[in-house]
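For reference, the chains in residue letters:
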Amino acid sequence: MATLMNSNISMRSASRQIAARRPARISVVRTKAALDPTLIVSASTAAFLSVGRFVFLPYQRREADLEIKLGPKTTGTTFFDDLQKPASFVLTSKDPSGFNLIDVFGWGALGHAFAFFILATSSLHDAGVNPWPNV
């Protein structure tokens, strides 16, 4: 029992021996991205929004009008026809060409997905993995 009470001295000396074995300086590993993620996501989203607004919007509207003209004709008198009417705040905007909330969400999601692809492939390249070995 007396030896257990005196073991504190030996424990202190053991901790001092462990502390003496540690290196004096601790090296800190910092990761650094090759591409700035905020810049890539912002640029990609802005590019896809502008392509959607200025390039694909006329084609999309033409195709939607064609589907409406060729689709079934209803008078809107049944309950289910009234349920199919779109919400007014979703499909209307003050944009001259009619770029609405649904278009912004769709093209913005494509921009974010493309930015993720760019960042993922650049991180694979930084890790030493070649995503396209034949190229």
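- Looking at an unreviewed UniProt entry, one finds the protein chain named psi-g, with Chlamydomonas eustigma as its source organism.
- Here is the UniProt Sequence similarities (unreviewed entry) comment for the protein chain, exactly as written: "Belongs to the PsaG/PsaK family."

### Regarding the overall build of the protein chain
Phase 1 of the analysis: The secondary structure content of the protein chain amounts to 6 helices and 0 strands.
Phase 2 of the analysis: Its helices and strands taken in sequence order, the protein chain reads α-α-α-α-α-α from the N to the C terminus.
Phase 3 of the analysis: Looking at the protein chain residue by residue over its 135 residues, the buried ones come to 13%.
Phase 4 of the analysis: Within the protein chain, contacts between residues separated by at least 24 positions form 77% of all contacts whose residues are at least 6 apart in sequence.

### Remarks on a nonpolar patch on the surface
Phase 1 of the analysis: Where nonpolar side chains cluster on the molecular surface, the patch consists of Val 51, Phe 54, Val 55, Phe 56 and Tyr 59 and spans about 500 Å² of accessible area.
Phase 2 of the analysis: Examined against the element boundaries, Phe 54 turns out to sit in helix H3 (residues 37-70).

### Examining the side chain of Thr 121
Phase 1 of the analysis: On the secondary structure map, Thr 121 appears in helix H6 (residues 101-126).
Phase 2 of the analysis: Of note is the side chain of Thr 121, whose polar atom sits 2.9 Å from the backbone oxygen of Phe 117.
Phase 3 of the analysis: Reaching out from Thr 121, the side chain makes a polar contact with the backbone oxygen of Ile 118 at a distance of 3.0 Å.

### Quick word on the confidence of the model for the protein chain
Phase 1 of the analysis: On average, residues of the protein chain carry a pLDDT of 75, and 56% of them reach 70 or more.
Phase 2 of the analysis: The secondary structure element of the protein chain with the lowest average pLDDT is helix H2 (residues 7-21), at 54, and the one with the highest is H6, at 89.

### Considering the environment of Ala 113
Phase 1 of the analysis: With respect to the helices, strands and loops of the structure, Ala 113 is situated in helix H6.
Phase 2 of the analysis: You can call Ala 113 partly exposed: its relative accessible area is 45%.
Phase 3 of the analysis: The sequence separation of Ala 113 and Val 41 amounts to 72 residues, and the corresponding C-alpha distance is 8.9 Å.

### A word on the packing of aromatic side chains
Phase 1 of the analysis: By the definition in use, this model includes 3 aromatic pairs.
Phase 2 of the analysis: A centroid spacing of 6.4 Å and a plane angle of 35° characterise the contact between Phe 114 and Phe 117, whose relative ring orientation is tilted. Placement of both Phe 114 and Phe 117 in helix H6 is noted, with a separation of 3 residues, approximately one turn of the helix.
Phase 3 of the analysis: Phe 114 sits in the partly exposed class, given a relative accessible area of 38%.
Phase 4 of the analysis: Exposure remark for Phe 117: the relative accessible area of 42% places this residue in the partly exposed category.

### Let's talk about the pattern of salt bridges
Phase 1 of the analysis: Enumeration according to the criterion identifies 1 salt bridge in this entry.
Phase 2 of the analysis: Between Asp 103 and Arg 61 there is a salt bridge, and its shortest N-O distance comes to 2.7 Å. One end of the pair, Asp 103, is in helix H6; the other, Arg 61, is in helix H3, with 42 residues separating them in the sequence.
Phase 3 of the analysis: Accessibility expressed as a relative area gives 26% for Arg 61, which makes it partly exposed.

Calculation notes
- Residues numbered from 1 in each chain as written.
- Predicted model: local features only at pLDDT ≥ 70, side-chain atom pairs only at ≥ 80, totals over all residues.
- Heavy atoms only, no water.
- UniProt positions renumbered as here; feature names shortened; annotations may be inferred.
- Helix = DSSP H or I, 4+ residues; strand = E, 2+ residues; numbered from the N terminus.
- Buried < 20%, exposed > 50% of the residue type's maximum accessible area, 1.4 Å probe, protein only.
- Contact = heavy atoms within 4.5 Å.
- Patch = residues over 30% accessible without salt bridge, like charges linked within 9 Å, V, L, I, M, F, W, Y side chains within 5 Å.
- Areas by Shrake-Rupley, 256 points an atom, 1.4 Å probe, with all protein chains shown as cover.
- Salt bridge = Lys/Arg side-chain N within 4 Å of Asp/Glu carboxyl O.
- Polar contact = N/O pair within 3.5 Å; in protein donor to acceptor, adjacent residues only side chain to side chain.
- pLDDT = per-residue confidence, 0-100.
- Phe/Tyr/Trp six-rings, centres within 6.5 Å; stacked < 30°, edge-to-face > 60°.

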